[in-house]
Amino acid sequence: MKKAIIYIPNKNPMQSGLSKNKWILEYKTEDPSRNPLMGWESSSDTFTEIKLEFSSKDLAINYAKKKKIDFEIIEPKKRKVVKKSYADNFLK
């Protein structure tokens, strides 16, 4: 049976926005093997190249259940936002 993880990707460090509106379903590698010449990890499983995007977590879960995929959900961590004012730099 195929295995997958469902998560929200991290934002690019060059972005300043907080909007995270897509969930990713990504397949896990079933049988990784090492290339003896270069030492790279490779696999004959082509599902690892697929990343499916969903607009909600429920849609991703329903898709995985419908296709009989074992899945693991990685919940996003809550970010603590400290509101600052530019004037605070000069008050100390």
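Residues numbered from 1 in each chain as written. Predicted model: local features only at pLDDT ≥ 70, side-chain atom pairs only at ≥ 80, totals over all residues. Heavy atoms only, no water.

## Regarding the environment of Asp-70
Phase 1: Examined against the element boundaries, Asp-70 turns out to sit in strand S6 (residues 70–74).
Phase 2: Residue classification places Asp-70 among the partly exposed positions, given a relative accessible area of 39%.
Phase 3: Between the C-alpha atoms of Asp-70 and Ala-4, which are 66 residues apart in sequence, the distance is 6.2 Å.
Phase 4: Excluding residues that lie within four positions of it along the chain, Asp-70 makes contacts with Met-1, Lys-2, Lys-3 and Ala-4. (Helix = DSSP H or I, 4+ residues; strand = E, 2+ residues; numbered from the N terminus. Buried < 20%, exposed > 50% of the residue type's maximum accessible area, 1.4 Å probe, protein only. Contact = heavy atoms within 4.5 Å.)

## Here's the deal with the nonpolar core
Phase 1: In terms of nonpolar packing, the biggest core is built from 11 residues, these being Ala-4, Ile-6, Ile-8, Trp-23, Leu-25, Tyr-27, Phe-54, Ala-60, Ile-61, Ala-64 and Ile-69.
Phase 2: Secondary structure elements with two or more residues in this core: strand S1 (3–7), strand S2 (23–27) and helix H1 (57–66).
Phase 3: In this structure Ala-4 touches Leu-25, Glu-26, Tyr-27, Lys-28, Ile-69, Asp-70, Phe-71 and Glu-72, once residues within four positions along its chain are discounted. (Core = buried A, V, L, I, M, F, W, Y, C linked by side-chain atoms within 4.5 Å.)

## Some words on the sheet that holds S1
Phase 1: What the 4 strands build is an open sheet, ordered S5-S2-S1-S6; its pairing is mixed. The sheet terminates laterally at strand S5 (51–54) and S6, the two strands that pair on one side only. Looking at each pair of strands side by side, their axes are set apart by 20° on average, direction ignored.
Phase 2: Here S2 runs beside S5; their pairing, made up of 4 bridges, is antiparallel. Across the sheet, residue Glu-26 finds its bridge partner in S5, namely Lys-51. (Pairing = 2+ DSSP bridges. Axes fitted to C-alpha atoms, helices over the stretch in contact; angles between N-to-C directions.)

## Quick look at the environment of Ile-5
Phase 1: Its location among the elements puts Ile-5 in strand S1.
Phase 2: Assessed through its relative accessible area of 17%, Ile-5 is described here as buried.
Phase 3: On a C-alpha basis, the gap between Ile-5 and Glu-26 in space is 5.4 Å, while along the polypeptide they are 21 residues apart.
Phase 4: If we ignore the near neighbours within four places in the chain, the residues touching Ile-5 are Ile-24, Leu-25, Glu-26, Lys-28, Glu-72 and Ile-74.

## What about the packing of aromatic side chains?
Phase 1: All told, the structure shown has 3 aromatic pairs when counted by the stated rule.
Phase 2: With a centroid separation of 5.1 Å and an interplanar angle of 55°, the aromatic rings of Tyr-27 and Phe-47 are classed as tilted. Taken together, the residues Tyr-27 in strand S2 and Phe-47 in the loop between strand S4 (41–42) and S5 connect sequence positions 20 residues apart.
Phase 3: Looking at Tyr-27, the relative accessible area reads 8%, which means it is buried.
Phase 4: Centre to centre, the rings of Phe-54 and Tyr-63 are 5.5 Å apart; their planes meet at 45°, and the pair counts as tilted.
Phase 5: When its relative accessible area of 15% is taken as the criterion, Phe-54 is described as buried.
Phase 6: Given the relative accessible area of 25%, Tyr-63 is considered partly exposed. (Phe/Tyr/Trp six-rings, centres within 6.5 Å; stacked < 30°, edge-to-face > 60°.)

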